[in-house]
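# Reading the structure
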Amino acid sequence: MKDQKDGAQDKNGLLRNVHIFDSTLRDGAQGEGISFSVQDKLHIVRALDELGVAFIEAGNPGSNPKDLEFFEEVKKIELSNSHLVAFGSTRRKDIDASSDQNLRSLLAAGTEYVCIFGKTWDFHVTEILRSTLVENLAMIRDTVAFLVGEGRTVFYDAEHYFDAFRSNPGYAMETLRAAAEGGASALVLCDTNGGTLPDDIQLMTEKVVAEFGIPVGIHCHNDTGMAVASSILAVKGGAVQVQGTMLGFGERTGNANLSTIIANLELKMHIPCIPAGRVADLTPVARRIAEIANINLEGGMPFVGHNAFAHKAGMHIDAVTKNSTAYEHVPPDAVGNERTFLMSEVAGRSMIIEKIRKFDPNIKKDTPLAAQIVARVKELEHEGYQFEGAEGSFELLVRKNMGKYKPFFDLHYYKIIGEQPIDDVTCTAFAQVKIGVEGEMAITAGEGDGPVHALDCALRKGLERFYPGVRQIRLTDFKVRVLDSRSATAAKVRVLIESTDGEEVWTTVGVSSDLIEASWLALVDSFEYKLITDVEKRFRAYL
Ligand SMILES: CC(=O)SCCNC(=O)CCNC(=O)[C@H](O)C(C)(C)COP(=O)(O)OP(=O)(O)OC[C@H]1O[C@@H](n2cnc3c(N)ncnc32)[C@H](O)[C@@H]1OP(=O)(O)O
Ligand SMILES: CC(=O)C(=O)O
């Protein structure tokens, strides 16, 4: 790494002015609820390499057999943009570096890069290591020198650097000097407890940058909610390596979120930190990593969340359709995300017009139809509907109001019989449905694990004969929300059903004071949505 102004070309010929050091697989794995299998780790390595982070801290080979197995497996992957880094601590006190088992494991991992953390804070040396300040300096110097002697490039993580500097600045600097003397290639300042504010981070980073002729890095935890800001200010203070985790995974409140940092460095500060053009892969990579980690990516996460470019207020939607910069700080596709408009009672005609254009590209904003649909949406939202997350039902509503909808079946009745669960029998409900399709009647029955499942089975059986496409529908989510809990059993409920046919995913909504009826309404919308879109697909294929 060189000076930020010059940029640095690594051995793959990539120019980066700041190096991103991803610790998702190490510090991220210390987050609650995160447990990566070896396969998960390999998938994440591929995703990060595709994004082009410079370094992937892949784990602690001295920690557990899973990390050891991972280091064996990862050798088989050829990386295009990233370098793997093995992580561990300085040698144990009062022994030779060469006989330290953890350091032996680090060498066995076979990575060119190694990251070593050591104690910077005098209090940690005496109270946690229970050693002397002099021995700690020797542990740092010996460890780095030993690994460098074995041909490794060593980054030195100064644990608790900022607390240490406040407590005993002279000793904090001595620890960094010990690492530099050992041959460290970067000094990384860690806000381990995450309690330092961004302006202090910048000042204390500047001091180290001025003192040592070695690249300086930053590693922030998010305990004050400012890890991203602190990392950015450290860069302003001269740091050229930023450590963090994708999506901010990590112990306690997490680590600095690299998806936010990368976007800000690239798009706001114009500091290259991943290969040119790759910032447009940020959202798909972030979502893939969330998927692998089995964590729900927060909708409101900057740049990559589902809501990062979702507009709901009518006036905002109107403005964005005229000129997106009116309410967007960057174009969503700059980070691989998408703009969405959320349908709700606070929407206006512009929002509706965008939806209607799918069916009639020539429609104008002042058409009475737009006002009619807005009024109907607002009326239904007043009754308890919510179309924001129910695009399927909203689309049917638009079609019905435009006269572009013909029902596929008529319901004559449905009946539910609840059963007490019997040992070894999973079905707890029975439903009967009578429908008519173009003059023909069908009475079908279904058993299910609960009344909605039973209704789904009965309706599906009735429709399959006429519309074989319904066999592809699978219900993937079912959510119930009580709308007025003060009315006890008479309260209205809103049911949202998510369905898929393997290609598309759609959500539908039903509202009633009766849970079964609300579920039925959402279920019928789901089937109708599938049927109408199938008809249209066939029609388009025919054309
Ligand atoms: C800030 C950070 O995130 S640092 C990384 C923290 N990550 C982890 O702890 C996850 C991986 N850790 C592990 O798997 C285990 O802790 C191991 C395998 C590394 C060590 O396990 P054990 O040998 O059973 O030790 P244990 O975890 O109970 O205690 C830690 C030991 O390391 C010592 N230690 C802590 N930091 C350092 C350091 N920088 N250099 C040398 N020794 C250290 C402690 O003094 C303690 O030794 P002691 O019992 O002689 O006082
Ligand atoms: C090294 C590290 O993870 C820390 O100090 O926070």
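Residues numbered from 1 in each chain as written. Chains lettered and ligands numbered in written order. Predicted model: local features only at pLDDT ≥ 70, side-chain atom pairs only at ≥ 80, totals over all residues. Heavy atoms only, no water.

Per an unreviewed UniProt entry, the recorded name for the chain is Citramalate synthase, and the organism is Teretinema zuelzerae. Per UniProt, the chain has the following entry under Sequence similarities (unreviewed entry): "Belongs to the alpha-IPM synthase/homocitrate synthase family." According to the UniProt record, the Pathway (unreviewed entry) comment for the chain is "Amino-acid biosynthesis; L-isoleucine biosynthesis; 2-oxobutanoate from pyruvate: step 1/3." (UniProt positions renumbered as here; feature names shortened; annotations may be inferred.)

## Observations concerning a nonpolar patch on the surface
A cluster of nonpolar residues, Phe-478, Val-480 and Leu-515, forms a patch on the protein surface that exposes about 240 Å² of accessible area. In this structure, Val-480 sits in strand β16 (residues 474-482). A residue is classified by how much of its surface remains accessible, and Val-480, at 40% relative accessible area, is partly exposed. (Patch = residues over 30% accessible without salt bridge, like charges linked within 9 Å, V, L, I, M, F, W, Y side chains within 5 Å. Areas by Shrake-Rupley, 256 points an atom, 1.4 Å probe, with all protein chains shown as cover. Salt bridge = Lys/Arg side-chain N within 4 Å of Asp/Glu carboxyl O. Helix = DSSP H or I, 4+ residues; strand = E, 2+ residues; numbered from the N terminus. Buried < 20%, exposed > 50% of the residue type's maximum accessible area, 1.4 Å probe, protein only.)

## Regarding the UniProt feature "domain: Pyruvate carboxyltransferase" (unreviewed entry) in the chain
Mapped onto this numbering, the UniProt entry gives "domain: Pyruvate carboxyltransferase" (unreviewed entry) at residues 18-280. Taken end to end, residues 18-280 comprises 43% helix and 17% strand; its first and last C-alpha atoms sit 18 Å apart.

## Description of the sheet that holds β16
Strand order in this open sheet of three strands is β16-β17-β18, and the pairing throughout is antiparallel. Lying at the two open borders of the sheet, with one neighbouring strand each, are β16 and β18 (505-512). The average angle at which neighbouring strand axes cross in this sheet is 15°, direction not considered. (Pairing = 2+ DSSP bridges. Axes fitted to C-alpha atoms, helices over the stretch in contact; angles between N-to-C directions.)

## Side note on the layout of surface pockets
Volume-wise, the largest pocket comes out at about 1,300 Å³. Lining the largest pocket are 38 residues, with Leu-342, Glu-388, Gly-389, Glu-391 and Thr-507 positioned closest to its centre. Every element with two or more residues in the lining of the largest pocket is listed here: β12 (340-341), α13 (349-356), α15 (391-402), β16, β17 (493-500) and β18. If you tally residues by element for the lining of the largest pocket, the top one is α15, at five residues. Its residues assigned to classes, the lining of the largest pocket shows 13 nonpolar, nine polar and 16 charged. Taken as a whole, the second largest pocket encloses approximately 510 Å³ of empty space. In terms of lining, the second largest pocket is formed by 25 residues, of which the most central are Arg-26, Asp-27, Gln-30, Phe-87 and Glu-251. Elements represented by at least two residues in the lining of the second largest pocket include exactly α2 (65-74) and β7 (153-159). (1 Å grid on protein atoms, 1.4 Å probe; cavity = no way out; pocket = protein on both sides within 12 Å on 5 of 7 lines; lining within 4 Å. Points joined across faces, edges and corners; volume = space filled by probe spheres on them. Nonpolar A, V, L, I, M, F, W, Y, C, P; charged D, E, K, R; others polar.)

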